[in-house]
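Listed below are the residues making up each chain.
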Amino acid sequence: MKKSDINSIEIAKIAGVSRSTVSRVINNYPNVPKATRDKVMQVIEQYKYSPNFSARIMSGMKTRTIGLFMISPEEVFHDSLTTSLITGLIESASSKGYYVLTHIIRNTKDQDIVRKVKETFYQQRIDGGIFVGAANHEPLIEELIAEGYIVGIIDQNIEGRYESNRVVCNFGNLQGMKQGVDYLAALNHRKVAFITGDPQRCSGPEKLEGFKNAMASHGLEVDPRWIIPSDFTEKGGYNSVRQWLKKVQELPTAIFACNDSVAFGALAALKEANLTVPDQLSLIGFDDHALSSRIQPALTSIHVDFTEMVHTLISNIIEAIEQDPKGFKKYVGTTELVIRDSCRAI
């Protein structure tokens, strides 16, 4: 018998177990005694058995693979925060015995790209998918969920959409914005500008809402002149603040950026305009980027526990895959103020 010709029935006979036991071992189910698992694995390794992928799909077996889809028109690996998020997801999945199939989506309006992503689900090459960087309401994601596929989304909040195969993981935007504004208010800042994020993403309007609520809790006015539209990129932060400085007539005493990448861009624009941080303007970010402690001045920021977030998301996705979804799951990450050198009392 050629080793390449052996099948699961023959593996079961040689190991002295049922075919279903072989299947449970292959799929790493926990309800197999260690002695039995070791015996089956010894036979599998001896005969170099590898189950046919198409046959596994036909029999309803899991691929133990999660799709990771990054939606970004720009190079994602230029941002160390995004790289850290991707790495965290892969490490967490790997620790649970799952592979991660990654793909970058440049344009969700490109029907050819959308078709290829859908085919990844239709062909059952993955057991579920995670989307990062999507608009709050993304038709591609909504169609996949409506068709019953298990989908995880980082940064989404759609009222009334609580399907059991929708797994959501969000940043603690409202809590984090309050922590930041509370800190600035304690330093006696009353005139605070805010650099907004992408309005199509959940975090964009949610952070703006959190900023306004936090300012109101201190009886502070939100001046429309100091709301600076941007996106979530360093380039966007630089361009938006550069343009804002050309037209604003009265400066605030502090700027709260929607994330640290935007704060880096804002800092560059302020330096270009000969405005020093924190002597003339205090600056605070959100996310606690890996570079935030290394720039000059070191950036005060709202720390987000990304490790906890990705671990919880992967755990919830795998639970939905292995036990069938039993209800809508949403996780909101924790935040903590990290005080450095970019803010001063006035």
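Residues numbered from 1 in each chain as written. Predicted model: local features only at pLDDT ≥ 70, side-chain atom pairs only at ≥ 80, totals over all residues. Heavy atoms only, no water.

Draft legend 1. Region of the structure containing the environment of Pro205. Take Pro205: it is sitting in helix 9 (residues 203–217). A C-alpha to C-alpha distance of 21 Å links Pro205 and Pro73, two positions 132 residues apart in sequence. Discounting chain neighbours no more than four positions away, the residues touching Pro205 are Asp198 and Pro199. (Helix = DSSP H or I, 4+ residues; strand = E, 2+ residues; numbered from the N terminus. Contact = heavy atoms within 4.5 Å.)

Draft legend 2. Geometry of helix 3 (residues 34–46). Over its 13 residues, helix 3 extends 18 Å from the first C-alpha to the last, a length consistent with the 18 Å expected when each residue adds 1.5 Å. Residues of helix 3 that are buried include every one of Arg37, Val40, Val43 and Ile44, and no others. Projected down its long axis, helix 3 carries its buried residues within an arc of 130°, all on one side. For helix 3, the exposed residues lying more than 90 degrees away from the buried face are Lys34, Ala35, Gln42 and Glu45. On its buried face, helix 3 sits against helix 1 (8–15) and helix 2 (19–26). One or two positions beyond helix 3, positive phi appears at Lys48, with a value near 50°. (Expected span 1.5 Å × (residues − 1). Buried < 20%, exposed > 50% of the residue type's maximum accessible area, 1.4 Å probe, protein only. Arc of directions from axis to C-beta.)

Draft legend 3. How the structure looks around the sheet that holds strand 5 (residues 166–170). Strand order in the open sheet formed by 6 strands is 2-1-3-4-5-11, with parallel pairing between adjacent strands. Two strands bound the open sheet, and with one partner strand each, they are strand 2 (99–105) and strand 11 (329–332). Between one strand axis and the next, the sheet turns by 15° as a mean value, whatever way the strands run. Summarising the sheet, strand 4 (residues 151–154) and strand 5 pair through 4 bridges and their orientation is parallel. Following the sheet pairing, Gly152 is matched in strand 5 by Val167. Strands strand 2, strand 3 (128–132), strand 4 and strand 5 of the sheet are contacted by helix 7 (residues 139–146), whose axis makes an angle of about 150° with strand 4. (Pairing = 2+ DSSP bridges. Axes fitted to C-alpha atoms, helices over the stretch in contact; angles between N-to-C directions.)

Draft legend 4. Structural detail: the side chain of Asp127. Inspection of the secondary structure assignment puts Asp127 in the loop between helix 6 (111–122) and strand 3. The buried charged residue Asp127 lacks any salt bridge partner; its closest oppositely charged side chain belongs to Lys62, at an N-O distance of 5.5 Å. In terms of polar contacts, Asp127 uses its side chain to reach the backbone amide nitrogen of Arg64, at 2.7 Å. Apart from the residues within four sequence positions on either side, Asp127 is in contact with Lys62, Thr63, Arg64, Thr65, Tyr98, Ile150 and Ile321. (Lys, Arg positive; Asp, Glu negative; His and termini not counted. Salt bridge = Lys/Arg side-chain N within 4 Å of Asp/Glu carboxyl O. Polar contact = N/O pair within 3.5 Å; in protein donor to acceptor, adjacent residues only side chain to side chain.)

Draft legend 5. View of the nonpolar core. Ranked by internal contacts, the top residues of the largest apolar core, which has 69 residues, are Leu89, Ile130, Trp244 and Phe256. The leading source of residues in this core is helix 12 (residues 306–323), at 9 residues. Phe69, Ile105, Ile145 and Ile153 belong to the second-largest nonpolar core, a separate cluster that totals 16 residues. (Core = buried A, V, L, I, M, F, W, Y, C linked by side-chain atoms within 4.5 Å.)

Draft legend 6. Broad picture of the sheet that holds strand 7 (residues 227–228). Ordered by their spatial adjacency, 6 strands build an open sheet running 7-6-8-9-10-12, and the pairing between neighbours is mixed. Looking at the sheet topology across the chains shown, the edges are occupied by strand 7 and strand 12 (335–338). Bridge analysis of strand 6 (residues 192–195) against strand 7 gives 2 bridges, and the strand direction is parallel. Directly across from Ile195, in strand 7, lies its bridge partner Ile228. Sitting on the sheet, helix 8 (residues 173–186) touches strand 6, strand 8 (254–257), strand 9 (282–287), strand 10 (300–304) and strand 12, and the angle it makes with strand 12 is about 25°.

Draft legend 7. How the structure looks around the state of the cysteines. Taken as a whole, this structure holds 0 disulfides when the rule is applied. No disulfide involves Cys258; its sulfur sits 13 Å from the nearest other cysteine sulfur, which is in Cys202. Between Cys343, a free cysteine, and Cys258, which holds the nearest cysteine sulfur, the sulfur-to-sulfur gap is 15 Å. (Disulfide = S-S within 2.5 Å.)

Draft legend 8. Local environment of unusual backbone geometry. Put simply, Val277 and Pro278 share a cis peptide bond, and its omega is 10°. Counting through the fold element by element, Pro278 comes out in the loop between helix 11 (260–272) and strand 9. Looking along the chain, the bond that leaves Gln296 and enters Pro297 is cis, with omega of -5°. Residue position: Pro297 is located in the loop between strand 9 and strand 10. We note that Asp155 has phi near 85°; this positive angle belongs to a residue other than glycine. When you line up the elements, Asp155 lands in the loop between strand 4 and strand 5. Of note in the backbone geometry, Asn274 takes a positive phi value of approximately 60° without being a glycine. Within the secondary structure, Asn274 is located in the loop between helix 11 and strand 9. For Asn274, a relative accessible area of 66% gives the class exposed.

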